[in-house]
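# Understanding the architecture of this molecule
One letter stands for each residue in the lines below.
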Protein chains: 2
Amino acid sequence: MVRYRLQVEYDGGPFVGWQRQETGLGVQQIVEEAILAFSGESPRVFCAGRTDAGVHACGQVAHFDLQRADVSAKTVQGALNHHMKPHPVSIVHAEIVDEDFHARFSATEREYLFRILNRPARPALERGHVWWVPQPLDDRAMHDAAQVLVGKHDFTTFRATMCQAKSPLKTLDELTVTRVGTQAGEELHIKARARSFLHHQVRNMVGTLNLVGLGKWTSADLQAALDAKDRAAGGPTSPPDGLYLMRVGYDKI
Amino acid sequence: MVRYRLQVEYDGGPFVGWQRQETGLGVQQIVEEAILAFSGESPRVFCAGRTDAGVHACGQVAHFDLQRADVSAKTVQGALNHHMKPHPVSIVHAEIVDEDFHARFSATEREYLFRILNRPARPALERGHVWWVPQPLDDRAMHDAAQVLVGKHDFTTFRATMCQAKSPLKTLDELTVTRVGTQAGEELHIKARARSFLHHQVRNMVGTLNLVGLGKWTSADLQAALDAKDRAAGGPTSPPDGLYLMRVGYDKI
């Protein structure tokens with residue numbers, strides 16, 4: 001048996017999310033069908049972060065096993081990219097790893113990027129790839145307020161009600177807001193880094209920081225919302241369009 | 001009569017190009033139909049650079065006239081963006097200008113960006129927005145060779161055979177090749193700036209520079225191709241996917 005580790009890039013737009021679902025096409029299904037097509041085997045593919053519908057990835061990590069032991073990582077990458085061709089899913093990197101590597105359980109860090117297009121005109125080129133906020137956002141106020149959330153907290157306020165995690169306690173290692181000039185105009189880039197996140201945590205934090213950017217909330221309001229430990233005290237969930245799973249970190253063995 | 005100047009962003013993917021055509025939808029038609037929808041008038045819209053099918057724009061400039069004189073530039077922008085909503089076309093800026101302003105004939109400079117995704121894996125997130133070249137490209141050799149093309153030359157070698165320009169003489173002010181790390185990986189950015197370009201000139205130059213990047217051509221080969229003044233002596237036309245009209249310059253009046 002050989003275990004393969006993949007780095008997967010995808011446009012979340014056409015998918016119901018990473019996970020296989022009966023309601024539509026998941027990225028997992030695309031990858032699993034491509035594996036079957038080239039190898040004749042049907043292993044399950046495990047990923048580091050089960051992204052929601054519409055959420056993108058540059059650095060999703062996944063793993064799967066093949067019983068036959070004669071396929072190089074390069075062959076796997078080429079074969080998968082060939083068979084997934086009609087879909088916006090691409091294997092950016094593939095390598096053979098030890099059998100004790102697990103894409104989800106071995107991960108020690110996840111990094112997300114959230115892109116807000118902050119200009120009066122709606123997006124044309126980046127449609128589906130950014131959250132469009134036409135009103136001017138105060139990015140410095142957002143960054144300052146974001147620091148309230150950094151550290152170990154009970155994140156119940158920013159946790160989807162359907163979240164299945166055992167505990168709402170998480171340690172947020174980094175949450176930064178920067179304004180950047182891109183090809184398509186002014187964007188805010190929100191970077192969130194932690195060992196792991198609760199369901200919708202990044203989108204709920206971004207939706208709440210947006211209230212700070214609009215001048216409707218202060219840092220103190222954000223602190224009070226966090227302290228309330230109540231989803232109803234938080235801001236709205238941002239749309240998935242601007243969210244990217246950028247990188248998954250693993251301890252060196 | 002009031003003349004409006006627009007800055008237009010669009011994803012060229014779904015369109016036959018800027019110009020109205022019977023074979024499909026042009027960006028011009030989208031804008032003209034939106035003007036009719038909100039004003040009841042049917043002016044012709046003139047643009048600075050008639051981009052081909054699949055070519056994108058961040059900074060296309062266009063102008064049109066309205067007979068009624070009571071519509072602010074901000075209202076025009078909002079109304080057009082509303083009526084064009086299903087299409088990836090957006091008015092990024094609108095202003096009222098003098099009647100002697102002409103988007104095409106007043107322009108003194110055009111700047112294009114060409115994006116090459118240079119990695120083994122095909123694009124997922126940037127599909128349709130970059131030209132994918134999987135083989136490693138020597139960006140420094142491409143940049144050095146590109147300098148052969150800068151200046152005033154007979155660009156017949158890089159001119160589409162159907163080009164309608166009176167003269168093949170053009171002055172290329174800038175042609176740079178830079179490798180940049182982007183969200184989606186390694187890209188080559190080729191910037192081309194001139195008063196005006198011949199039909200397919202940028203794509204033909206890029207397709208030829210690609211031969212240099214692959215090590216198949218030298219700077220001397222590029223010089224010989226330019227000197228031949230023969231389209232057959234040049235490299236292939238690159239696909240449109242990576243090309244963006246970034247900016248149009250006008251003299252201050």
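Rules used in this analysis
Residues numbered from 1 in each chain as written. Chains lettered and ligands numbered in written order. Predicted model: local features only at pLDDT ≥ 70, side-chain atom pairs only at ≥ 80, totals over all residues. Heavy atoms only, no water. UniProt positions renumbered as here; feature names shortened; annotations may be inferred. Least-squares fit on C-alpha atoms with pLDDT ≥ 70 in both. Axes fitted to C-alpha atoms, helices over the stretch in contact; angles between N-to-C directions. Helix = DSSP H or I, 4+ residues; strand = E, 2+ residues; numbered from the N terminus. Parallel < 35°, antiparallel > 145°, perpendicular 65-115°, else oblique. Left-handed = near helix turned anticlockwise from the far one by under 90°. Contact = heavy atoms within 4.5 Å. Nonpolar A, V, L, I, M, F, W, Y, C, P; charged D, E, K, R; others polar. Salt bridge = Lys/Arg side-chain N within 4 Å of Asp/Glu carboxyl O.

- An unreviewed UniProt entry lists chain A under the name tRNA pseudouridine synthase A, with Magnetovibrio blakemorei as the source organism.
- Taken verbatim from the UniProt record of chain A, the Subunit (unreviewed entry) comment is "Homodimer."
- Annotation of chain A in UniProt includes, under Sequence similarities (unreviewed entry), the sentence "Belongs to the tRNA pseudouridine synthase TruA family."

### Quick notes on the relation of the copies chain B and chain A
- Its rotation angle being 180 degrees, the transformation that places chain B on chain A also includes 0.0 Å of axial translation and leaves an RMSD of 0.0 Å. Here the copies are linked by what is in effect a two-fold axis. It is B:Glu126 whose C-alpha, among those of chain B, lies nearest the rotation axis, at 4.9 Å.

### Quick notes on the packing of helix H3 (residues 139-146) of chain B against helix H4 (residues 201-213) of chain B
Residues and elements named next belong to chain B.
- For the pair H3 and H4, the least separation of the axes is 8 Å and the interaxial angle reads 130 degrees. As judged from the angle between their axes, H3 and H4 are oblique. At the point where H3 passes H4, the crossing takes the right-handed sense. Here H3 contributes Ala141, Met142, Ala145 and Ala146 to the contact with H4, which in turn contributes Leu209, Asn210, Val212 and Gly213.
- Its residues assigned to classes, the contact of H3 with H4 shows 6 nonpolar, 2 polar and no charged.

### Brief notes about the UniProt feature "active site" (unreviewed entry) in chain A
Residue and element names in this part refer to chain A.
- When the UniProt feature table is mapped onto this chain numbering, "active site" (unreviewed entry) sits at Asp52.
- Looking at where Asp52 falls in the secondary structure, it is placed in the loop between strand E2 (46-47) and strand E3 (56-66).
- Aside from chain neighbours lying at most four places away, what touches Asp52 is Val16, Gly17, His199, His200 and Arg203.

### A look at the pattern of salt bridges
- By the definition in use, this model includes 28 salt bridges over all chains.
- Residues B:Arg119 and A:Glu9 are paired through a salt bridge, measuring 2.7 Å at the closest nitrogen-oxygen approach. Pair noted here: B:Arg119 is in the loop between strand E5 (107-117) and strand E6 (131-132) and A:Glu9 is in strand E1 (residues 2-10), and the two residues belong to different chains.
- Here A:Glu186 and A:Arg179 are joined by a salt bridge, their closest N and O atoms 3.1 Å apart.
- Several salt bridges share partner residues, and in doing so they unite A:Glu109, A:Glu111, A:Glu174, A:Lys191, A:Arg193 and A:Arg247 into one network.

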